[in-house]
Amino acid sequence: MAQRPTRRVFYGSLVHATSLRHIQACPRALIGVSDDGVIDWVLDDVDSASIQDAMISKGWQIEDVDFIELGFGQWIMPGFVDTHTHAPQYPNMGIGGQYELLDWLKNVTFPTEAKFEDVEYAKKAYTSVVQRVLDCGTTTCCYYATLHLQATRVLADICHAKGQRAFIGKCNMDRHASETYQESSPAQSLADTETIISYIGSLEDPLVQPILTPRFAIACCDDLLAGLGTIASQHPDMAIQTHISENPSEIAFTGELFPDCDTYAHVYDKFGLLREKTILAHGVHLKDDELDLIKSRNAGISHCPTSNFHLSSGIANVADMLDRGIKVGLGTDVSGGYSPSILTAIQHASIASKVLAFQASSPPDSSPSSFSQKQLPLSALLYLATLGGADLCGLSSVIGTITPGKQFDAILVDVTKGGVEGIWVEQEVGEELGVQNKARLLEMLEKFLFCGDSRNVRTVWVKGRVVGGAQKP
Ligand SMILES: [Zn+2]
């Protein structure tokens, strides 16, 4: 899919969430993307007769660019950000729903991950996984790999080759796993972590970054967590990912292992692992003082509702987190979650918020600025899937909206017959090719988020490069 670098101009509809409360819908946008993949300019509400003049006003000539005019039922929007998934668990996606977390890890997940000791198996699996994730419209992905150094290199190589924006973490786990799938010592785990950080750096690809990845507190002894804290202090800008407060049995066991820590969040804080760009997956059962601590450290939560339902973990109170000003993104958490698509996470985040709202024992806060005990609005769902996830990863100035100066990480959505016909978006008499008004565009967006799938994701770009989609040009 190598492409000749060229300027591109898109004319048609643009939709993005600029905040938790606001979706900007532009039925007649004109978007200029430079040949280095950066969005140069965006003009709203351009009449089709004025396209040439509008481009000239930006110093661009139509004969010098690839000009792409979108049709009815098509629009450009930011690519999705998956803030939590496990690349080696795709092979066991969709099974094991009879278990809760700790039994699921032991019986289903650790045996699957152990297979990645075989580098050839890793190449085959990860090639398929990364392309599938891209084709779902996920332009940025936070991946857990396995414990294996070689297989983690393979995952980084594949993201680098395919052009995905990715955080790659070699998982750390030196206890409470299995005899055949566990690191031999903290020293070996830390040495391999240093090696993978150096290796990913050697790729010299700003899209692919290392991320510290202690699996969770249960699986890491004190020396390992302390060593990771030291590595974190040596790399103050590096992202960190781990799990927190997913399941009651896990929380109780963590409390037994770390009796000197008041809460689960305090364990990570004690070892210097709770800071900006720390992505904490789940957070289903967090206490008030943990939420205060997470907020004070400027860390955030990856909300993984599909997984939280599938492994019977519970419902994370995302609305409360948002009211507290805590950063939140969405995660598919494959294979606790059974779908690689952020669309599924959006749908389940909506359902989760509705269940919390109708189970609430008191009426919701009447303030329109409060999310608590209310269903999440469409704007918040889209925000969590794009700009919110970008913010959690420290990338909100780079991606997440279609804004001049940001990189063109975007998808072209098509909800007409080229995609899933069952969405039933029909062009009505009198409607022109472009989407004609904001209300109609927002209606189509909602249909896509709740009824669409990867067949509606026609083209996927990362930093201006075509990397996936159902109909790659
Ligand atoms: Zn996970």
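Just so it is clear, the structure is predicted and the values come from calculations on it, not from any experiment.

Q: What is the right way to read the environment of Ile95 from this model?
A: Its place among the elements puts Ile95 in the loop between strand 6 (80-86) and helix 2 (101-114). When the C-alpha positions of Ile95 and His310 are compared, they lie 9.8 Å apart, and in sequence the two are 215 residues distant. If we ignore the near neighbours within four places in the chain, the residues touching Ile95 are Trp104 and Val108.

Q: Please clarify how the packing of aromatic side chains should be interpreted in this entry.
A: Two aromatic rings, taken as a pair, are described by how far apart their centres are and by the angle between their planes. According to the stated counting rule, one finds 10 aromatic pairs in the structure shown. Through pairs of rings, three or more aromatic residues link up here, namely Phe10, Phe408 and Trp461. Its end group placed over the ring of Tyr199, Arg153 keeps NZ or CZ at 5.2 Å from the ring centre.

Q: Mind showing me how you'd approach empty space enclosed by the protein here?
A: If a probe the size of a water molecule is rolled over the atoms, the empty space left behind becomes visible. Summed over all chains, the structure comprises two cavities of 30 Å³ or more. In this structure, the largest cavity spans a volume of roughly 90 Å³. Taken together, 14 residues line the largest cavity, and the ones lying closest to its centre are Leu101, Trp104, Leu105, His243 and Glu246. It is helix 2 that contributes the most residues to the lining of the largest cavity, three residues altogether. Looking at the lining of the largest cavity, its residues break down into five nonpolar, six polar and three charged. In this structure, the second largest cavity occupies an estimated 70 Å³ of space. Taken together, 13 residues line the second largest cavity, and the ones lying closest to its centre are Asn317, Val318, Ala319, Ser353 and Leu356. Sorting the residues of the lining of the second largest cavity by element identifies helix 11 (318-323) and helix 12 (342-359) as the ones contributing at least two each. Counting residues per element, the lining of the second largest cavity draws most heavily on helix 12, at five residues. Across the lining of the second largest cavity, the residue classes break down as eight nonpolar, four polar and one charged.

Q: Could you clarify how one ought to interpret the environment of Leu105 in this entry?
A: Relative to the helices and strands, Leu105 is located in helix 2. Separated by 311 residues in sequence, Leu105 and Thr416 have C-alpha atoms that sit 41 Å apart. If near-sequence neighbours (up to four positions away) are discounted, Leu105 is found in contact with Phe110, Pro111, Arg215 and Phe216.

Q: I would appreciate a short explanation of the coordination of the zinc ion in the present structure.
A: Reference geometry at the metal: tetrahedral coordination by four donors gives ideal angles of 109.5 degrees; octahedral coordination by six donors gives 90 or 180 degrees. For the zinc ion, the full set of protein donor atoms is His84 (NE2), His86 (NE2), His243 (NE2) and Asp333 (OD), and the range of their distances to it is 2.0 to 2.3 Å. Classification of the site at the zinc ion as irregular follows from its four donor atoms and the range of 85 to 167° in their angles at the metal. Read from N- to C-terminus, the donor residues coordinating the zinc ion fall into the pattern H-x1-H-x156-H-x89-D. Here His86, found in strand 6, pairs with Asp333, found in the loop between strand 14 (327-330) and helix 12; they are 247 residues apart in sequence, far enough to count as distant. For Asp333, a relative accessible area of 3% corresponds to the buried category.

Q: Would you take a moment to explain the pairing of strand 3 (residues 39-43) for this structure?
A: Taken together, the four bridges between strand 2 (residues 22-33) and strand 3 define a ladder with antiparallel strand orientation. Residue Gly32 lies in a different strand from strand 3, and its bridge partner there is Trp41.

Q: Honestly, helix 12 in this entry has me stumped. Any pointers?
A: Under the 1.5 Å per step criterion, the end-to-end length of helix 12 is 26 Å for 18 residues, consistent within 8% with the ideal 26 Å. Those residues of helix 12 not exposed but buried are Ile342, Leu343, Thr344, Ala345, Ile346, Gln347, His348, Ala349, Ser350, Ala352, Ser353 and Val355. Its side-chain oxygen placed 3.0 Å from the backbone nitrogen of Leu343, Ser341 serves as the N-cap of helix 12.

Q: Whenever I open this one, the domain arrangement of the protein confuses me. Can you help?
A: Accessible area lost on assembly of the parts is the figure often given for the size of an interface. Taken domain by domain, the protein holds domain 1 (8-78 + 400-468) and domain 2 (80-392). Relative placement of domain 1 and domain 2: their C-alpha centres are 31 Å apart. With 36 residues of domain 1 at the interface, the matching set in domain 2 holds 36 residues. For the domain 1 face of the interface with domain 2, the top three residues by lost area are Leu20, Arg21 and Leu449, together amounting to 28%. At the boundary of domain 1 with domain 2, the tally comes to one salt bridge. Note that Arg165 is salt-bridged to Asp409, the shortest N-O span being 2.7 Å. Scanning the region where domain 1 abuts domain 2 turns up 12 residue pairs in polar contact (both at pLDDT 80 or more). The set of elements that each furnish at least two residues to the side of domain 1 that touches domain 2 consists of strand 1 (8-19), strand 2, strand 5 (74-78), strand 15 (410-414), helix 15 (438-451), strand 16 (457-462) and strand 17 (465-468). No other element matches helix 15, which puts seven residues into the side of domain 1 that touches domain 2. Taken together, the residues of the side of domain 1 that touches domain 2 sort by class into 19 nonpolar, 10 polar and seven charged.

Calculation criteria
Residues numbered from 1 in each chain as written. Predicted model: local features only at pLDDT ≥ 70, side-chain atom pairs only at ≥ 80, totals over all residues. Heavy atoms only, no water. Helix = DSSP H or I, 4+ residues; strand = E, 2+ residues; numbered from the N terminus. Contact = heavy atoms within 4.5 Å. Phe/Tyr/Trp six-rings, centres within 6.5 Å; stacked < 30°, edge-to-face > 60°. Lys NZ or Arg CZ within 6 Å of the ring centre and 35° of its normal. 1 Å grid on protein atoms, 1.4 Å probe; cavity = no way out; pocket = protein on both sides within 12 Å on 5 of 7 lines; lining within 4 Å. Points joined across faces, edges and corners; volume = space filled by probe spheres on them. Nonpolar A, V, L, I, M, F, W, Y, C, P; charged D, E, K, R; others polar. Donors = N, O, S within 2.8 Å, 3.2 Å for Na, K, Ca; no water. Tetrahedral: all angles 85-135°; square planar, octahedral: opposite > 155°, others 65-115°. Buried < 20%, exposed > 50% of the residue type's maximum accessible area, 1.4 Å probe, protein only. Pairing = 2+ DSSP bridges. Expected span 1.5 Å × (residues − 1). Polar contact = N/O pair within 3.5 Å; in protein donor to acceptor, adjacent residues only side chain to side chain. Domains from an automatic or database assignment. Buried area = accessible area lost by both parts, 1.4 Å probe. Salt bridge = Lys/Arg side-chain N within 4 Å of Asp/Glu carboxyl O.

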